[in-house]
Amino acid sequence: MYNLRLLRLLRHSVITKSAGRALTHSPPCRLLASHHKRRPQLGAVPSDQLDQLKADYLDRRSELSNEDWHRVRNILTDSYKYINGSNVDAVVLGLCSSAEKLPLAKSYLSYLQAQGIEPNAATLGRLLRVYNAAYHTRTLSDEEQAEIVHICDTLQGAHETLDASSCEHLIHGLVATKQHWQRAVPLLDMMKVTSAPSVAAYSTLAAKAFSAEQPELAWRLLEEMLQARKLPKCEVYLAHLAQSAQQAQTLGAQLERLLLFLERHDIVISDLVAQQLLALAQRLPQQLQVTATRLDRMGKCGACQQHLQHVAISDAQFAELRESFLAKVLIRNDVFQKSTPQEVARFKQYVEQTAPYDCVIDGLNVAYSTGNKKPPQQLAKLLATVVRYFKERRKRVLVLGRQHMRNWSKPAMQYIQNNASVFLTNNLTHDDPFLLYATLHSGQDTDFFSRDLMRSHAFLLGSELKAVFRRWQQEHQYSLVTQTQTGQIIVKEPIRYRLSAHKVGNVWHVPCCEAYTPNPPESFEVPEKWLCLSIAQNVV
Ligand SMILES: [Zn+2]
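Residues numbered from 1 in each chain as written. Predicted model: local features only at pLDDT ≥ 70, side-chain atom pairs only at ≥ 80, totals over all residues. Heavy atoms only, no water.

> In this structure, what is going on with the overall build of the chain? I would like to understand it.
Each helix and strand counted, the chain has 24 helices and 11 strands in total. Across the chain, every contact between residues at least 6 apart in sequence was considered, and the portion connecting residues at least 24 apart equals 71%. Taken as a whole, the chain presents about 25700 Å² of accessible surface, with 49% of it coming from carbon and sulfur. (Helix = DSSP H or I, 4+ residues; strand = E, 2+ residues; numbered from the N terminus. Contact = heavy atoms within 4.5 Å. Areas by Shrake-Rupley, 256 points an atom, 1.4 Å probe, with all protein chains shown as cover.)

> Would you mind showing me how to read the coordination of the zinc ion here?
Put simply, the ideal angle at a metal is 109.5 degrees for four donors in tetrahedral geometry and 90 or 180 degrees for six donors in octahedral geometry. Here the zinc ion is held by Cys 301 (SG), Cys 304 (SG), His 509 (NE2) and Cys 532 (SG), and the distances to it run 2.0 to 2.4 Å. Taken together, the 4 donor atoms coordinating the zinc ion span angles of 102 to 114° at the metal, a pattern that classifies the geometry as tetrahedral. In the primary sequence, the donor residues of the zinc ion line up as C-x2-C-x204-H-x22-C. With a gap of 205 residues between them, Cys 304 in the loop between strand S2 (288-293) and helix H16 (315-331) and His 509 in strand S10 (residues 507-513) connect regions that are remote in the sequence. On the basis of relative accessible area, His 509 is assigned to the buried category, the value being 0%. (Donors = N, O, S within 2.8 Å, 3.2 Å for Na, K, Ca; no water. Tetrahedral: all angles 85-135°; square planar, octahedral: opposite > 155°, others 65-115°. Buried < 20%, exposed > 50% of the residue type's maximum accessible area, 1.4 Å probe, protein only.)

> What should I look at first to understand unusual backbone geometry in this one?
Trans is the prevailing form of peptide bonds, just as negative phi is the prevailing case for residues other than glycine. Looking along the chain, the bond that leaves Ala 355 and enters Pro 356 is cis, with omega of 0°. Relative to the helices and strands, Pro 356 resides in the loop between helix H18 (341-354) and strand S3 (359-362). Even without a glycine there, the phi angle at Met 454 is positive, about 60°. In this structure, Met 454 sits in the loop between strand S6 (447-449) and helix H23 (455-460).

> Even after reading the chapter, I still don't get the packing of helix H4 (residues 66-79) against helix H6 (residues 102-115), so can you show me in this structure?
Two numbers describe a pair of packed helices, the interaxial angle and the distance between the axes. With their axes 10 Å apart at the nearest point, H4 and H6 run at an angle of 95° to one another. Taken together, the axes of H4 and H6 lie roughly perpendicular to each other. Contacts between H4 and H6 pair Asn 66, Trp 69, His 70 and Arg 73 from the former with Leu 104, Ser 107, Tyr 108, Tyr 111, Leu 112, Ala 114 and Gln 115 from the latter. In the contact of H4 with H6, the residues fall into 6 nonpolar, 4 polar and 1 charged. (Axes fitted to C-alpha atoms, helices over the stretch in contact; angles between N-to-C directions. Parallel < 35°, antiparallel > 145°, perpendicular 65-115°, else oblique. Nonpolar A, V, L, I, M, F, W, Y, C, P; charged D, E, K, R; others polar.)

> Explanation requested: the side chain of Gln 145 in the structure shown.
Assignment of secondary structure puts Gln 145 in helix H8 (residues 142-158). Separated by 3.0 Å, the side chain of Gln 145 and the backbone oxygen of Leu 140 make a polar contact. Look past the residues within four positions of Gln 145 in its chain and what remains in contact with it is Leu 140, Ala 176, Thr 177 and Lys 178. (Polar contact = N/O pair within 3.5 Å; in protein donor to acceptor, adjacent residues only side chain to side chain.)

This is the structure in structure tokens:
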């Protein structure tokens, strides 16, 4: 199983990733570093054989004779359909990718040299990754750093523009050097020619910038990656903390900046980063106190006994959100493409006449939330049950739906009509903008009912207002958890206190998760673990 995975990884990184796309404005032969486009056919993979190969030749070895390397190369090209003369070298280096195998990887390069085989860009890129792996376990010697620079010079000298994958390899190589890491900055820009720079490229460079005392560059990269919806890896925060810890005088200010960044971008730190903060507080108790804590049901911190801040936004923020939503989402978004201007005008007029509501329900979203294969009678009944839920709480409700819902079960639809305002759009319409328009128009106390996470709408608002939108959404979004066998519904009510890092008085509360994930869920769940953190005022 392990081998199969390893091979898939190798196949992906060596073959797919190195397949560069030619650009049209320069001669392609000098333009891109790698040209392997062969699509692998993964047939029956003799994975035992790979294990055997590693055990026989690569494990616990720091060099091989030229004869042995020759054998390794032949075994790989003979045994695997997708390994051929042009990618076998990169595959071998992929097998030597761990930090301690750097001497072995270099031994392979010596073998290639002895055979008069010029390593291609993918191979050299792989080698840079092995240097990078070693760099994460120890400081590289001057000689090793010079070797990295030499490889980078070779690659950059041979190609005017490098493809994104080669740029990424070079960035990972250069950050392992003391003097030349800044050469990685323009390479990150070069990556943008063919694709968005990866989380790994951004993170490793930002971490290096913190370690090398270039915090402004690091923060710029972090803001840029967040703008591109990429979440920094833990190594960035660890580098920031390690660097900040060296200067007790500015530690408080540095931490404050980090925490404000986490707050602004709604970032939940991993356990690894949390442990680092706890360790830092143990080392510097005069400057920093950190306690791992949990919240009670009402959002009270178990350590300092303070309640987390209410999530509500201010009147001014709400007014700004409402206006921006209209300008950026309702007008710019494809709402007019999916429905007619007449329909939008009819809807606005309807809302003018019937608002305000206490809750706006996305009828179709609710009806389909327990599966869309159910008979219309059941869909209508579920929607009616949700309407009843609010009716029993004396709430004034607007149900948004589609014309085809008119054909659903008569009694249930009749109940909905009698107990809610109902607006049915044509069958092509996107419902979210209508839902958000009606809710925002209705005022700051109005809630909405939908399972949709509204990501794209939030994103269109820009990073500052996105955070405001998220807070508003958290405070006002209801959704259906499930319907029981007896037809009862379980409703998820909004969480009223803030779930992102924020300060209560002088105490920061920072949500934590188990491990880094590039795409954390955007639903509103209360994190189990938090840090309760105070920075001594005199050093801020
Ligand atoms: Zn606390």
